[in-house]
Structure formats: structure tokens, C-alpha cells
There are 2 protein chains.
Amino acid sequence: MTIANPSTSTSTEEPGSAAQRDRRKRILDATYDLAAAGGFDAVQMRAVAEQADVALGTLYRYFPSKIHLLVSALGRQFDEASARLNEREIPGDTPADRVLYVLKRMARGMQGDPKLTEALTRAFMFADSTVTNEIHVVGMAMTSIVTHAMHGGEPAEGALTDEDVAIARVIGDVWLSALVAWVTGRSTAAETAAHMETAVHLILRD
Amino acid sequence: MTIANPSTSTSTEEPGSAAQRDRRKRILDATYDLAAAGGFDAVQMRAVAEQADVALGTLYRYFPSKIHLLVSALGRQFDEASARLNEREIPGDTPADRVLYVLKRMARGMQGDPKLTEALTRAFMFADSTVTNEIHVVGMAMTSIVTHAMHGGEPAEGALTDEDVAIARVIGDVWLSALVAWVTGRSTAAETAAHMETAVHLILRD
DNA sequence: GCAAAATCAGTAACACGTTCCAGTTTCGTT
DNA sequence: AACGAAACTGGAACGTGTTACTGATTTTGC
């Protein structure tokens, strides 16, 4: 339905003073709200600053660009999704079934928040090398989710073969392309789902 | 109030007066040159207009946005590549070998023009539903290139199975993701090539 | 408890995509 | 050749991301 706003969880200890953490949190919350309400274009730096009760210069001190801001928000989202999915067993009899299960779960969450998804995906696609760190987090989370599903939810982290990782990466690539096509209005949710299903069966061959 | 929009025609026979065709070509040439020299950011609408010897308003009459402009340039480029590749036999003993041959050829071309590739890829990733037509051209050209390679360069257009098309799409998806990773500086050319090789063998299994 | 350093608010200004407009030129038709 | 429609030019202007600057306020080091 809706993607949980991660602002309530402060599991990882972030550096800086309490006031800094406060401002950072307020900024990310404002970003999240604006993105969820109006998508990429609605996340305007002046609006974020105002809603976070922070000056524009301060906003730029914390996040050097709109892309950094949105990708950081995406990173938190993905971390949360990954954590939720990886701590449970995945239903399904075959790897393909299980992978499709998690992909469909993620798709459902995203379709429930299309504007937010559009904003974060656009930022991800537009990011350059200055955002490499934040983006790497997303890629690894995706690989983790897929391999975890392939192995049926068993914590077989050490048993990942090269082929497992390659398969997960390919599925992640297809997923990303499908996501972009959906976000940019070039394919419907149903077409995206059908394409993912075809691709997963093709790659995991059953 | 005017409806006419010369930019919406992408077929080989372009309508309009000679002057219109002239302007369109000048605009696309200027776009190409600026993109090749400085990438996405260097393709500035005022600069394109000036270099094409056209007023800014005229540029916007032909291409309603920077994204349309760049995606159209990408379409022209892809059409040419597709035509060149499809009129010859593809070397290689297996479908995987042949597909990798054309992918590596394309990769080499792109690495030779990194700024141009960056500009066109960025535009492609940022396009929305108003550019669907132009983007469809690119997608079909990609599918055509891959299926042509799979079948060894034989003109077996009528014999494409659903699976052929699905495979071509998946390979296109992986290609696109790899391209984005390379363009945004998140992976090197060598990593991209290795990933493509792994993925193609995985999908075409031989 | 205090001075220096860092941070912040507020605001102006710049850059580039985009829109709009008034006047001029080109094009197709009669 | 003349006329109306469409296209073109040149330039002003607007919105939003980004930068720069100044004077207050908070934090830090001692």
C-alpha cells in the first residue's frame, strides 16, 4: 500500500550533534513528503528548505544537490525494504517463484506511491559519479534481496556462487529497466509485471 | 494554436519543405556536435539555436524540449547503427558469440564518443511519456539488432518467436543498465564488458 | 564563562530550460 | 503577382537549481 516513512527509525548512529541530526532528519522528511505528494518536480529546494524549517544555504550544506538529496532518501527506503525482506522466509517452491514473490511485493509497494517512486527513480537515473556511494548501497541491497529469495530465505550468505550473483545482477538490471519504463509512463504496471515474469523464468529456467 | 510539429516525424521520408528539412538537419547536427564535445550539460538550447543558425523559438517549434531533441538525435544514431549492422552477416558460431560481437561493436563506438554517449543516455533515462514515440524507435532498433545477431545475420524477420523477442528485450535491459552504470561513472568499460559477457552467456546458455 | 570557530537564516543573484510576443519573412493558393 | 497562413526572428521574461554573501546564533575549546 504505502512505503513506510523511515524517519521514525534511527537504528544507525549518525555522526554530528543532536541539532545536526535533527536538521538532517527534518530535511529528509520534507523531501519524502514532497516527493510522495508531487514527484520529482515537486521536490523543489526552496520548498524543502521551507518545509524543513531550514535555510536554503543550510539545505545545501547537508546535501550538495537535489540529486544527492533524493538518492539519500532512496537509500534509506531501500535499506528498510531489504531489511524487512531479508529477515523472513520467502514463500514459493522454486527460485523463480520466490524471486517473483519479492519483486511483486516491491512493485506493489512502489505502485502505491507512484510519485515517490518516480522522484527517487529519476534521481537514481540522473545521478553521476559524485553520488556513487549512495548508489552502491542501492545496488547491493537489490542483489541481496534477489539472492536471498533465490535461496528460499535461508541465510546461506557464504554459499553464493558467482553464477548466483550474476543472475541476481541480471534480474536487477531487468527490474531497473522495467522500473524506468513504468516510471516514465512508457509501460503500464501490468506490462511491467508480465515482462518481469517472462524475464525471470527465462533466466532461472523452470 | 498551431498543430504542425515537424519533429514528430521519424520515418525515413521526412515531410516538409526543403528549408524545414534543412533546419531540422542543422539542429540535429548542432546537437550532435555540442553533445560530442561537452556532453549533456553542453547541449544548451541557446547554444544549439545559435550553432544551427536558428532562433530559439524555432528550435522549440521543431523539438519541444531538450529531451526530445537529444532523444531524436539518439534515434537517428541508432537507426544508422541498426542499418549498418543489419545489412551484413554477423561473425560467430553461436548466438551468444554473435550477440556479443554486435554488443562489443556498439560498446566500442560508444567508448569512442563518451560525451555523446553520456548526453544521449541521460536524455533517454530522463524522458517521460511525451517522448514515447522517439523512444520506441530506439527500443525496436535494439531488438532488431539483437535478434538479427541471434539468427546469424539471416533475414529471418518473420520467424521471430516470442522467446526470441523476450530474450532480446532482456539483453537490451541488461545493456541499458550497464550503459547507465558506465555513463554515470559507476563502473568501468572493462567491468561493463565483463558483465555483458556473463549476462549474455547466462541468457543464451551455451 | 568566554572568545573563536562553526553553523545558520535570510536574501540576492546567476544559469539555463522554457514560454511568450511583436514584427518580419517564406510558402502555398488563386 | 497578390493575398492569407504559417513559419521564423530577436529578445524579453519567468521558474527553479545553484551559488554567494552578510550578519546573527550556536557550538566548541580552553
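Residues numbered from 1 in each chain as written. Chains lettered and ligands numbered in written order. Predicted model: local features only at pLDDT ≥ 70, side-chain atom pairs only at ≥ 80, totals over all residues. Heavy atoms only, no water.

Novice: Explain the overall build of chain A residue by residue, including any values.
Specialist: Looking only at helices and strands, chain A features nine helices and zero strands. Considering only contacts in chain A between residues 6 or more positions apart, those separated by 24 or more positions represent 73%. (Helix = DSSP H or I, 4+ residues; strand = E, 2+ residues; numbered from the N terminus. Contact = heavy atoms within 4.5 Å.)

Novice: Mind laying out the relation of the copies chain B and chain A, listing which residues take part and the relevant values?
Specialist: Least-squares fitting of chain B to chain A yields an RMSD of 0.4 Å, with the transformation described by 0.2 Å of translation along the axis and a rotation of 179 degrees. The superposition of one copy onto the other is thereby described by a two-fold rotation axis. Take the interface residues of chain B: 100% of them recur as interface residues in chain A, which is what a same-surface contact looks like. (Least-squares fit on C-alpha atoms with pLDDT ≥ 70 in both.)

Novice: Would you mind going over the pattern of salt bridges in detail, with residue names and values included?
Specialist: Applying the stated rule across the entire model yields nine salt bridges over all chains. Between Glu 118 of chain A and Arg 122 of chain A there is a salt bridge whose closest N-O contact spans 2.5 Å. Of this pair, Glu 118 of chain A and Arg 122 of chain A both sit in helix α6 (residues 114-126), four residues apart, which is roughly one turn of that helix. Classification of Arg 122 of chain A by relative accessible area gives buried; the value is 10%. The partner of Lys 104 of chain B in a salt bridge is Glu 197 of chain B, and the shortest N-O contact between them spans 3.2 Å. Pair noted here: Lys 104 of chain B is in helix α5 (residues 95-111) and Glu 197 of chain B is in helix α9 (residues 189-204), with a separation of 93 residues, a long-range link. Given the relative accessible area of 28%, Glu 197 of chain B is considered partly exposed. One salt-bridge network, in which partners are shared between bridges, spans Lys 25, Asp 29 and Arg 76 of chain A. (Salt bridge = Lys/Arg side-chain N within 4 Å of Asp/Glu carboxyl O. Buried < 20%, exposed > 50% of the residue type's maximum accessible area, 1.4 Å probe, protein only.)

Novice: Break down the interface of chain B and chain A for me, citing the residues and quoting the values.
Specialist: The interface of chain B with chain A comprises 28 residues on the first partner and 29 residues on the second. Approximately 2600 Å² of surface area, both sides summed, lies buried where chain B meets chain A, with 65% of it carried by carbon and sulfur atoms. Taken as a group, Phe 126, Arg 186 and Leu 202 of chain B account for 25% of the area that chain B buries against chain A, more than any other trio of residues on that side. Between the two partners, chain B and chain A, sit zero salt bridges. The set of elements that each furnish at least two residues to the side of chain B that touches chain A consists of α6 (114-126), α8 (162-183) and α9 of chain B. (Buried area = accessible area lost by both parts, 1.4 Å probe.)

Novice: If you had to explain the packing of aromatic side chains to someone new, which residues and values would you point to?
Specialist: One pass over the structure, following the stated rule, counts four aromatic pairs over all chains. Here Phe 40 of chain A and Phe 126 of chain B contribute two aromatic rings whose centre-to-centre distance is 5.6 Å and whose plane-to-plane angle is 80 degrees, an arrangement assigned as edge-to-face. Highlighted residues: Phe 40 of chain A in the loop between α1 (18-38) and α2 (45-51) and Phe 126 of chain B in helix α6, drawn from two different chains. Taking the relative accessible area as the measure of exposure, Phe 40 of chain A reaches 8% and is therefore buried. The interplanar angle of 50 degrees and the centroid separation of 4.7 Å between the aromatic rings of Phe 126 of chain A and Phe 126 of chain B together place this pair among those described as tilted. Of this pair, Phe 126 of chain A sits in helix α6 while Phe 126 of chain B is found in helix α6, placing the two residues in two different chains. By way of ring pairs, the aromatic residues Phe 40 and Phe 126 of chain A together with Phe 40 and Phe 126 of chain B are connected into one cluster. Positioned above the aromatic ring of Phe 124 of chain A is the side chain of Arg 186 of chain B, whose terminal nitrogen or guanidinium carbon lies 5.0 Å from the ring centre. (Phe/Tyr/Trp six-rings, centres within 6.5 Å; stacked < 30°, edge-to-face > 60°. Lys NZ or Arg CZ within 6 Å of the ring centre and 35° of its normal.)

Novice: An account of the protein's contact with DNA strand C is requested, with residue identities and associated values reported.
Specialist: The immediate surroundings of DNA strand C are formed by 17 residues, with Ala 55, Thr 58 and Tyr 62 of chain A together with Arg 46 and Lys 66 of chain B found nearest. For DNA strand C, the backbone makes up 63% of the atoms found within 4 Å of the protein, where backbone means sugar plus phosphate. One nitrogen or oxygen atom from the side chain of Tyr 62 of chain A is found 2.7 Å from a phosphate oxygen belonging to DNA strand C. With respect to DNA strand C, the side chain of Gln 44 of chain B contributes an N or O atom lying 2.9 Å from a phosphate oxygen. The set of elements that each furnish at least two residues to the surface near DNA strand C consists of α3 (56-62) of chain A together with α2 (45-51) and α3 (56-62) of chain B. In terms of residue count, the dominant contributor to the surface near DNA strand C is α3 of chain A (three residues). The class makeup of the residues in the surface near DNA strand C is eight nonpolar, three polar and six charged. (Near = heavy atom within 4 Å. Polar contact = N/O pair within 3.5 Å; in protein donor to acceptor, adjacent residues only side chain to side chain. Nonpolar A, V, L, I, M, F, W, Y, C, P; charged D, E, K, R; others polar.)

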